[in-house]
Amino acid sequence: MGMDMGSIVMMMMMNDQAAQTRAENQRALDFQNRIISEAQAEKKAEQDRITQKEAVRKAAGEAGRGAYISNVKQRVSSGLIGEESAQKLIQDYYTNYDLTPATDELTGITDAYQQFAPKKHAAELSALYQRTLGRPATADELTEKQSQMALGRTIGDIEQDIQASTEYKKQRPGSAFEAEQEARYGGPVLDTTGTRTGTYKYNFGATNLPGLSEDLVKQIGVTAPSFIGKEFIGSAEEIEGAKQAKNNYETFLYNSGLTALKGNLDKEISKYAQDQETERTGKTVKGQIDVEDIRQKGQKLISDFAQLEETKRTEKVVMGQKDVEDIRVKGQKEITEQTIKGDIRRNREQQAYGLLQGVVGSFNF
């Protein structure tokens, strides 16, 4: 059956569209495959870097392995760390660098600890005996306890054994009351077997007592109890009695010192009052003498001043009389001089007048 032209064109267009779709799909698939390939390549490169880094780290750990193991052994041999801590440090090193554990290395840590353990145990035991029994451990005790610790017993187990011993119990109060008494009085006192005697040591030191000067001691005649300044040994009741005696002694010392001080103060006050009275009497007499001297000196000053004034007045009168005489003489002299001058002037005038008359008379009019 024949197809018309329209159908043929439509068929061709559909085929062309289908070809374009296949081409686009192929391009998308190629792009996707390229992205996947690049991602796979990048992931492989990262894995290679990680593998290389791990290899470098593992190589570094392997390179430092010997030195690290040696350092840990040295710390164990010096007692700085124990065997368990050292074993853990080695295991952590293996893990951090992904190394295969070596039995000889772990065994070396154990050997190093076993070589140091006797020294460590001996030091721990010595300190334990000194702390619990107040004495060092004997050689036999150290040997015995070290053997026990080598078999697995701990220092805590040994301490429990000591606390259960008779020696330890003898050195400890049997009750809370005994502990209180010992804390109060500084005991206990032990016999030759180390058993408590029920007595205590109390030191009555003299440093906290009041003191008296030698002269006051002679005045009041104080004698201190024999236990003052010494260590007193006795029961609690005896120590309390001694403490009361000490208190009485201190009170007596204090009161004696006050009494002696009051007597000395009374004497000093009396002497001071007497000295003050003597001083006042002396000042009164001296004051009277001083007043009379001042009065006489004042009168002399007044007399001298009056005489001086009289002398000045006399001198002024004399000088005044002399000045008046001088003025009178000068005035008389001046009057005389003026009189003489007037006579001369009149004579001259008369002579001139007579001469003028003669001249006028010589002319005939």
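Residues numbered from 1 in each chain as written. Predicted model: local features only at pLDDT ≥ 70, side-chain atom pairs only at ≥ 80, totals over all residues. Heavy atoms only, no water.

## A look at a nonpolar patch on the surface
There is a patch of nonpolar side chains on the surface, built from Met-5, Ile-8, Val-9, Met-12 and Met-13 and spanning about 510 Å² of accessible area. With respect to the element layout, Ile-8 can be found in helix α1 (residues 5-77). Relative accessible area serves as the criterion here: at 35%, Ile-8 is assigned to the partly exposed category. (Patch = residues over 30% accessible without salt bridge, like charges linked within 9 Å, V, L, I, M, F, W, Y side chains within 5 Å. Areas by Shrake-Rupley, 256 points an atom, 1.4 Å probe, with all protein chains shown as cover. Salt bridge = Lys/Arg side-chain N within 4 Å of Asp/Glu carboxyl O. Helix = DSSP H or I, 4+ residues; strand = E, 2+ residues; numbered from the N terminus. Buried < 20%, exposed > 50% of the residue type's maximum accessible area, 1.4 Å probe, protein only.)

## Observations concerning α1
An ideal rise of 1.5 Å per residue puts 108 Å on 73 residues; α1 measures up with 105 Å between its terminal C-alpha atoms. At Arg-65, α1 shows its largest bend, some 50°. Residues of α1 that are buried include every one of Gly-61, Arg-65, Ile-69, Val-72 and Val-76, and no others. Just downstream of α1, Gly-79 is the residue with a positive phi angle, here 80°. (Expected span 1.5 Å × (residues − 1). Bend = angle between axes of the 7 residues up to and from the residue.)

## Regarding the packing of aromatic side chains
Under the criterion given, the structure shown has 2 aromatic pairs. Each ring, one from Tyr-68 and one from Tyr-93, has its centre 4.4 Å from the other, and the planes form 15°; the classification is stacked. With a gap of 25 residues between them, Tyr-68 in helix α1 and Tyr-93 in helix α2 (residues 83-96) connect regions that are remote in the sequence. Judged by centre distance (4.8 Å) and plane angle (45°), the ring pair of Tyr-93 and Tyr-97 falls under tilted. (Phe/Tyr/Trp six-rings, centres within 6.5 Å; stacked < 30°, edge-to-face > 60°.)

## Considering the packing of α1 against α2
It is at 10 Å that the axes of α1 and α2 come closest, and there the two elements cross at 175°. When the axis of α1 is compared with that of α2, the two are roughly antiparallel. Seen from α1, the contacting residues are Arg-57, Ala-60, Gly-61, Gly-64, Arg-65, Tyr-68, Ile-69, Val-72, Arg-75 and Val-76; seen from α2, they are Ala-86, Leu-89, Ile-90, Tyr-93, Tyr-94 and Asn-96. Among the residues making up the contact of α1 with α2, the classes are represented as 10 nonpolar, 3 polar and 3 charged. (Axes fitted to C-alpha atoms, helices over the stretch in contact; angles between N-to-C directions. Parallel < 35°, antiparallel > 145°, perpendicular 65-115°, else oblique. Contact = heavy atoms within 4.5 Å. Nonpolar A, V, L, I, M, F, W, Y, C, P; charged D, E, K, R; others polar.)

## Remarks on the pattern of salt bridges
By the definition in use, this model includes 11 salt bridges. Its salt-bridge partner being Arg-153, residue Asp-161 comes within 2.7 Å of it at the nearest N-O pair. Looking at Asp-161, the relative accessible area reads 31%, which means it is partly exposed. What you see here is one network of salt bridges that share partners, running through Glu-62, Arg-65 and Glu-105.

## Thoughts on the side chain of His-121
Looking at the secondary structure, you find His-121 in helix α3 (residues 103-133). Residue contacts for His-121: discarding those within four places in its chain leaves Tyr-113, Gln-146 and Met-149.

## Considering the side chain of Gln-148
Mapped onto the secondary structure, Gln-148 falls in helix α4 (residues 139-150). Judged by its relative accessible area of 19%, Gln-148 falls in the buried class.

## A short note on the environment of Thr-166
Relative to the helices and strands, Thr-166 resides in helix α6 (residues 166-170). Judged by relative accessible area, which is 56%, Thr-166 ranks as exposed. Considering only alpha carbons, one finds Thr-166 and Thr-195, 29 residues apart in sequence, at a separation of 10.0 Å.

## What to know about unusual backbone geometry
A negative phi angle is the norm for most residues apart from glycine, just as the trans form is the norm for most peptide bonds. Phi at Asp-98 takes a positive value of approximately 55°, unusual for a residue other than glycine. By secondary structure assignment, the location of Asp-98 is in the loop between α2 and α3. For Asp-98, a relative accessible area of 49% gives the class partly exposed.

## As for the packing of α4 against helix α5 (residues 155-163)
In contact at an axis separation of 10 Å, α4 and α5 are set at 135° when each is read in the N-to-C sense. What the angle tells us is that α4 and α5 run oblique. Read as a crossing pair, α4 and α5 show a hand that is right-handed. Here Lys-145, Gln-148 and Met-149 of α4 come into contact with α5, specifically with Ile-155, Ile-158 and Asp-161. Taken together, the residues of the contact of α4 with α5 break down into 3 nonpolar, 1 polar and 2 charged. (Left-handed = near helix turned anticlockwise from the far one by under 90°.)

## Examining α4
Over its 12 residues, α4 runs 16 Å from end to end, which matches the ideal 16 Å to within 8%, given 1.5 Å per residue. Of the residues making up α4, those classed as buried are Glu-141, Leu-142, Lys-145, Gln-148 and Met-149. Angular distribution of buried residues about the axis of α4 spans 130°; they occupy a single face of the element. Those residues of α4 that are exposed and aimed more than 90 degrees away from the buried face are Ala-139, Asp-140 and Ala-150. Where α4 is buried, its residues touch α3 and α5. Of the residues one or two after α4, Gly-152 is the one with positive phi, at around 120°. (Arc of directions from axis to C-beta.)

Structural measurements only, silent on function.
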